[in-house]
Amino acid sequence: MAKTKSSWESRKRNRDDSSEQDQCQKVEEDAFFQTACGLKSSTAALTAKEYLIPSEEFLTLPPEIRNVDFSKPVSWRKFFPYTDTSLPLTPLEQTAKFTSESPALCFHVNAISGRARATTLHFRSDRVVRTPIFMPVGTKGTIKSLTTEEICNDEALNCPIILGNTYHLALQPGTELIRKMGGLHKFMQWDRGILTDSGGFQMVSLLKLAEITEEGVTFENPFDTCHDSRERMLLRPEDSITHQNNIGSDIMMALDDVVSSVTDNHERFEIATYRTLRWLDRCFAAHKRPEEQNLFAIVQGGLDTAVGGLREKCLAGFRERDHKIPGYAIGGLAGGESKDEFWRVVDQCCKALPDDKPRYLMGVGYPLDIVICTALGVDMFDCVYPTRTARFGVALVPGQARGTLRLKSNEFSNDHRVIMEGCKCTACRNGYTRARLHTLLKRNNPIAATLMTNHNIAYMMYLVRGMRQAIVEDTFDSFVLNFIEDQFRGTENGGEDIPQWVHDALIAAGISSKGKN
């Protein structure tokens, strides 16, 4: 049986009475206690009744979209190449102008090349992010093995925005502590952009520890070693927004009902899609800092891309709320679905979402996926892949072995080349050879994690900056084809042929790979 609130209170009193309790540990545990019990929360103790519906209505089409004509695809405010009307482009040097409808974000489209876009996000804080952009994941306010100064000041990295995880920051050190420290920017000495997820992804990654209801999701504390009586934390839309307001991120994500893309239960997806719309309304009602922070909505609906399907219904619900939404995310992917299903969801969402607002594809970080999805019209990406795989000794490079080098392999034990010629990361510019990195990795030397992480983030920044330049020069189709040809050199050349899903996705993006292997 899980610990109750009263048992937590008794535990907390015992800790307070202990003269030998380490004070730093008390700060962390008290922050978790306050989070889990709902103490010092700016939200109501109970969810307002008007936001809760009976279970028999979970599968009922939301009233705001009952009159939508679902016989044709949902879309709004589309421009060329989706229609014959040209989208007004904004010069790069144009200053930001904020509006009452979007008080914390000014979004400029600087250039297009096919469906790909080069855009600029101006935040009220004077922080600027140029897209396409990849956001490294700093789950608890740090990117493992790198300092803030390295991420900012290293020319090869120079990341304008990173991602933080609301759920994990709420657990440790606690968002109330972060608020008292002046927000996450000051807490981690970071003066650039921060995007925080809502905690929704943990409904999939920690599903065995989660119970999902209309009110919210209740998690068991994964750090509690008492498996038979783990502490429990209720995360409602209101709580997620309170945590993110405390964190002070430039972009916050609405709490959505996330279902694994490989779940074989259409009814569960339908419930989650409609609940995501209701929870978005609760997120907006709880948002206390709209003049400073942007609240993005997340498109759900599983893999149902049919006309009138679940993705379309979610999009239609967002269209009704568009005046409140400064930007959109595409969620529910990168969970084991086929690549063919994956790109078709991205394609549908980019064709539907308005062209004058940013589009963010959540949890996607493979270079090939980023290139393809940028061609389809996505602006922003995040994923743990580049940094996590670095710690396992995998370096990201153009072309060779589908874009990776597994430096722990013995084939690199006597390789005197750097990871990637021309790379300006710390490892490459200072002449660390593959053989040297191989030795460091095999011995689990922490320096190896730092050098590899530095390189992989540098590679991702190199990739997205190259894409942006190609879009501005309107040569993005050539960039894509060169990238694809470099990764897939054909079986006749000792490589692999281009997968069919890549061909199909590029055709949808208006880029012909005909004649390529």
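A. Spatial organisation of the sheet that holds strand β10 (residues 251-253). Within the open sheet, the eight strands sit side by side as β4-β14-β13-β12-β11-β10-β6-β5. Their pairing is parallel. Since the sheet does not close on itself, it has two edges, and those belong to β4 (133-136) and β5 (161-165), each with one partner. Adjacent strand axes in the sheet meet at a mean angle of 25° when their direction is disregarded. In terms of strand pairing, strand β13 (residues 359-361) meets strand β14 (residues 380-383) through two bridges, oriented parallel. Bridging across to β14, Y360 finds its partner in M380. Lying over the sheet, helix α10 (residues 310-320) contacts β11 (294-299) and β12 (328-330), oriented at roughly 155° with respect to β11.

B. Fine view of the layout of surface pockets. One number sums up the size of the second largest pocket: a volume of about 370 Å³. In terms of lining residues, the second largest pocket is bounded by 19 residues, among which S102, L105, C106, F107 and D356 are the most central. Looking at side-chain class alone, the lining of the second largest pocket contains eight nonpolar, five polar and six charged residues.

C. Broad picture of the packing of helix α16 (residues 434-442) against helix α17 (residues 446-472). For the pair α16 and α17, interaxial distance at closest approach is 7 Å and the crossing angle is 130°. Overall, the two elements α16 and α17 adopt an arrangement that is oblique. Judged by the twist between their axes, the crossing of α16 over α17 is left-handed. Contact residues: α16 offers L437, L440 and L441, while α17 offers I447, A448, L451 and M452. Counted by class, the contact of α16 with α17 contains seven nonpolar, no polar and no charged residues.

D. Highlighting the packing of aromatic side chains. Overall, the coordinates contain five aromatic pairs when judged by the stated rule. With 5.9 Å between their ring centres and 80° between their planes, W76 and Y328 make a pair best called edge-to-face. Highlighted residues: W76 in the loop between α2 (23-37) and β1 (105-113) and Y328 in strand β12, separated in sequence by 252 residues. For the residue pair W76 and Y328, the accessibility class agrees, reading buried in each case.

Here is what the cut-offs are and how they apply
- Residues numbered from 1 in each chain as written.
- Predicted model: local features only at pLDDT ≥ 70, side-chain atom pairs only at ≥ 80, totals over all residues.
- Heavy atoms only, no water.
- Pairing = 2+ DSSP bridges.
- Helix = DSSP H or I, 4+ residues; strand = E, 2+ residues; numbered from the N terminus.
- Axes fitted to C-alpha atoms, helices over the stretch in contact; angles between N-to-C directions.
- Contact = heavy atoms within 4.5 Å.
- 1 Å grid on protein atoms, 1.4 Å probe; cavity = no way out; pocket = protein on both sides within 12 Å on 5 of 7 lines; lining within 4 Å.
- Points joined across faces, edges and corners; volume = space filled by probe spheres on them.
- Nonpolar A, V, L, I, M, F, W, Y, C, P; charged D, E, K, R; others polar.
- Parallel < 35°, antiparallel > 145°, perpendicular 65-115°, else oblique.
- Left-handed = near helix turned anticlockwise from the far one by under 90°.
- Phe/Tyr/Trp six-rings, centres within 6.5 Å; stacked < 30°, edge-to-face > 60°.
- Buried < 20%, exposed > 50% of the residue type's maximum accessible area, 1.4 Å probe, protein only.

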